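Architecture at a glance
Read off the chains here:
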Amino acid sequence: MSTIRKLQNRLSLSSWSNSFTRKNSVKSGQIRPSSVLSTPAAQAGGVESTNNNNASTTQVSPPLTTRRSATTSTKPSTSDLISLAATITRETEKLDKYMKENGNPAPSFDVDAPMDFPKLPADMKKAREEIVRATKELGDLVTGPREGLRWMAWDHNNSLSLQAIYHFKIAKSFPIHETATYEQISKAVGLDEVNVRRFMRHAMTNRIFREVNPDVVAHTAASRVLAEDPVINDWIGFCTDDILPAAANVTRALTEYPSASEPTQTGFQLANNTTNVEPMFVTFGKSPLRAKRMSGAMASLTGGEGYELSYLLDNYDWASLNASKATIVDVGGSIGFVCIDLAKRYPDLKFVVQDLPKTIDSAPKLEGDLAQRITFQAHDFFSPQPVKNADVYLFRWIFHNHSDKYASKILSALIPSMKKGARVLINDHCLRDGFGEESMWDEKIIRTMDLVMLTLLNATERSERQYKTLFENTHKDLKFAGVKRIEGCRMSIVEAVWEGEDYGGA
Ligand SMILES: C[S@@+](CC[C@H](N)C(=O)[O-])C[C@H]1O[C@@H](n2cnc3c(N)ncnc32)[C@H](O)[C@@H]1O
């Protein structure tokens, strides 16, 4: 693991902390119409309206005949079932063929099975998504709405058995390739046998552990992950110990504080008795266990598919900025890993990495050319921006941590320092304004992320329309310039251009 990646992981608590499309208009991987992107800045290298790279412009979902059919139809018929089953067969055959041809082992729940599904080319990714979508849709249809709702309301019990396994370290209590009795596990973890058995048997319904005979259990691939992967354990601990109790208090928080704009009035505070006292990050800062666990959880999340930094590096016209020897300010840029990677690719770009003092103090000491072109600066992004004549102010993973009230304050702090034509670049999730344009899988992940931001911070993931409104409400001359959705990437590039007075003093 590189030093920078280690530092990133260590810092990801502070990292997290402080830290249109109508249907048929623009789909994942397509670019906004040029009319929306006709500002000089956009033409000069911003979010482009024309195809200039493979990843962002060419991929459109293949015509999947059953896509959305059953979910949108008011009269599902049995033909939907057959059609879904046909989709599952067709896409599974495609994927199976690809896996065999490429020497991938068959997916399995066995303890020695691969812990991750192999990385796939774009067409196979689509096939995999279709299998997941159609299987779920078929299952939901044959379950029926009343029955479906009845059991959906019990989903938190999946979290409960996971939480117990995490808390009592059940997966680590016996060797991966050996079996154990419930009695042995009970003794090893210090939980009575009845409860060990009930949590493990519930988890088995999710293919975590398997029962060899009524008294003896063995590991599966999933329980092996729990036994061996520390950051998945951090993720589960964070989700079940921190998020779950907070989520149970969200409706109460919204009833008591309907504006939902303060980070000290969330479900998290109600669950932790810290309402109007301190935001979540301050609470975590007082508990090394929770702080470390959240760092691991964030490393697990952002290390997953679709969050790779390369998407940002490959899908913006940095080359034009390089040609004009531009200056980029990475606001909330942590220890500078984005700028360091960009600087290695573009020799004429200059950078200022800004973050809170503690983070800046832990940034790596750069040498040679990188040290000449990358400056680190302690700066609170709610205070007036000290770098006056920059070309780009980059915010990666910043805005989704803040409600509109605070997001607008961050933008307002930039304006007195912006030169005419300077750009604000936001690399974050960008929700669809409508529903159902993403695959159901992606839709679920991003909508869930939005709920988590509400639960913990009264923050929000934003749609294109919400970003436009945020810019407009901050200043009439801060113009939305476009959003670039990148095929395969969960984060988008949202851009605004300052078209007001020239405050840059360049
Ligand atoms: C989610 S992290 C994003 C880090 C980095 N931009 C990235 O792409 O991973 C949020 C960053 O904002 C920083 N931050 C939080 N509050 C800040 C503030 N008021 N002023 C400046 N930086 C802040 C955190 O220290 C952290 O590095």
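Residues numbered from 1 in each chain as written. Predicted model: local features only at pLDDT ≥ 70, side-chain atom pairs only at ≥ 80, totals over all residues.

Within an unreviewed UniProt entry, the label attached to the chain reads S-adenosyl-L-methionine-dependent methyltransferase, and the organism entered is Glarea lozoyensis.

**Some remarks on the overall build of the chain**
The number of helices and strands found in the chain is 24 helices and 12 strands. Within the chain, buried positions represent 39% of all 506 residues. (Helix = DSSP H or I, 4+ residues; strand = E, 2+ residues; numbered from the N terminus. Buried ≥ 20, exposed ≤ 12 C-beta atoms within 10 Å, placed from the backbone.)

**Observations regarding helix H11 (residues 221-228)**
Every buried residue belonging to H11 is among Ala222, Ser223, Arg224, Leu226 and Ala227, and all of these are buried. Its buried side turned inward, H11 meets helix H8 (156-167) and helix H12 (230-247). (Contact = placed C-beta atoms within 7 Å.)

**A short note on the sheet that holds strand E1 (residues 180-181)**
Pairing is antiparallel across the open sheet formed by 3 strands, whose spatial order is E1-E3-E2. The two strands at the open ends of the sheet, each matched to only one other strand, are E1 and strand E2 (210-213). The sheet contact formed by E2 and strand E3 (residues 216-218) spans 3 bridges and is antiparallel. Across the sheet, residue Glu211 finds its bridge partner in E3, namely Val217. (Pairing = 2+ DSSP bridges.)

**Some words on the packing of H12 against helix H16 (residues 288-302)**
Two quantities define a packed helix pair, namely the angle between the axes and the distance from one axis to the other. Two elements in contact, H12 and H16, have axes separated by 7 Å at closest approach and are oriented at 115°. When you trace H12 past H16, the crossing you get is left-handed. From H12, Pro230, Val231, Ile232, Asp234, Trp235, Gly237, Phe238 and Asp242 reach across to H16, where they touch Arg290, Arg293, Met294, Gly296, Ala297, Ala299, Ser300 and Leu301. Considering only residue class, the contact of H12 with H16 consists of 9 nonpolar, 3 polar and 4 charged. (Axes fitted to C-alpha atoms, helices over the stretch in contact; angles between N-to-C directions. Left-handed = near helix turned anticlockwise from the far one by under 90°. Nonpolar A, V, L, I, M, F, W, Y, C, P; charged D, E, K, R; others polar.)

**Some remarks on the confidence of the model for the chain**
Interpreting fine coordinate detail is not advised for predicted regions of low pLDDT. In the predicted model, the chain carries a mean pLDDT of 86, and 84% of its residues have values of at least 70. Within the model, pLDDT remains below 50 along residues 9-74, and this stretch shows 138 contacts once partners closer than five positions in the same chain are excluded. This complex was scored by the predictor with a pTM of 0.81 and an ipTM of 0.99. (pLDDT = per-residue confidence, 0-100.)

**Remarks on the domain arrangement of the chain**
Domain annotation of the chain identifies domain 1 (69-150), domain 2 (155-228) and domain 3 (310-505). When each unit is reduced to the centre of its C-alpha atoms, the spacing between domain 2 and domain 3 is 43 Å. (Domains from an automatic or database assignment.)

**Focus on the nonpolar core**
Among the nonpolar cores identified, the biggest contains 58 residues, and Ile328, Cys339 and Tyr393 are the most heavily contacted of them. Here the element with the most residues in this core is helix H19 (residues 337-345); it accounts for 6 residues. Apart from residues lying up to four places away in sequence, Cys339 is in contact with Ile328, Asp330, Gly333, Phe351, Val353 and Ile374. Of all hydrophobic cores here, the second largest spans 41 residues; its members include Tyr166, Ile208, Val217 and Ile236. (Core = buried A, V, L, I, M, F, W, Y, C linked by C-beta atoms within 7 Å.)

**What about H12?**
With 18 residues, H12 extends 24 Å between its outermost C-alpha atoms, agreeing within 8% with the 26 Å of an ideal straight helix rising 1.5 Å per residue. At Cys239, H12 is bent by approximately 30°, the largest bend along its length. Among the residues of H12, Asn233, Asp234, Trp235, Ile236, Gly237, Phe238, Thr240, Asp242, Ala246 and Ala247 are the ones counted as buried. Structurally, H12 contributes buried residues whose contacts are with H8, H11, helix H13 (250-256), helix H14 (267-272), H16 and helix H23 (440-457). (Expected span 1.5 Å × (residues − 1). Bend = angle between axes of the 7 residues up to and from the residue.)

**Some details on the environment of Phe381**
Turning to its location among the elements, Phe381 is positioned in the loop between strand E6 (374-378) and strand E7 (392-396). Under the C-beta neighbour-count criterion, Phe381 is labelled buried, with 22 such atoms within 10 Å. Separated by 27 residues in the primary sequence, Phe381 and Gln354 have C-alpha atoms spaced 8.3 Å apart. Those residues within four positions of Phe381 in sequence are excluded, and the remaining contacts are Val331, Gly332, Ile410 and Ala413.

**Let's talk about the sheet that holds E6**
Judged by pairing direction, the sheet is mixed, and its 7 strands sit side by side in the order E6-E5-E4-E7-E8-E12-E11 without closing on themselves. In the strand order of this sheet, the two ends are held by E6 and strand E11 (478-484), each with one partner. Sheet twist, expressed as the average angle between the axes of neighbouring strands with direction ignored, equals 20°. Examined bridge by bridge, strand E5 (residues 350-355) and E6 share 5 bridges and lie parallel to one another. Its bridge partner being in E6, Gln354 is matched across the sheet by Gln377.

**Notes on the pairing of strand E8 (residues 423-428)**
E8 sits mainly inside the fold: 5 of its 6 residues count as buried. Here 5 bridges tie E7 to E8, and the two strands are oriented parallel to one another. Within the sheet, the bridge partner assigned to Leu394 lies in E8 and is Leu425. With helix H22 (residues 404-414) bridging E7 and the parallel E8, this β-α-β connection has right-handed handedness. In this structure, E8 lies alongside strand E12 (residues 492-498), joined through 6 bridges in antiparallel fashion. Considered in E12, the bridge of Arg423 is made with Val497. (Right-handed = clockwise from strand over helix to strand, strands pointing away.)

**Structural notes on unusual backbone geometry**
Trans peptide bonds make up most of the peptide bonds, and negative phi angles are found at most residues other than glycine. A positive phi angle, close to 60°, is found at Asn276, a residue other than glycine. As for its position among the elements, Asn276 is in the loop between H14 and helix H15 (280-285). Under the C-beta neighbour-count criterion, Asn276 is labelled exposed, with 9 such atoms within 10 Å. One non-glycine residue, Lys325, lies in the positive phi region at around 50°. Looking at the element boundaries, Lys325 is found in the loop between helix H18 (318-323) and strand E4 (327-331).

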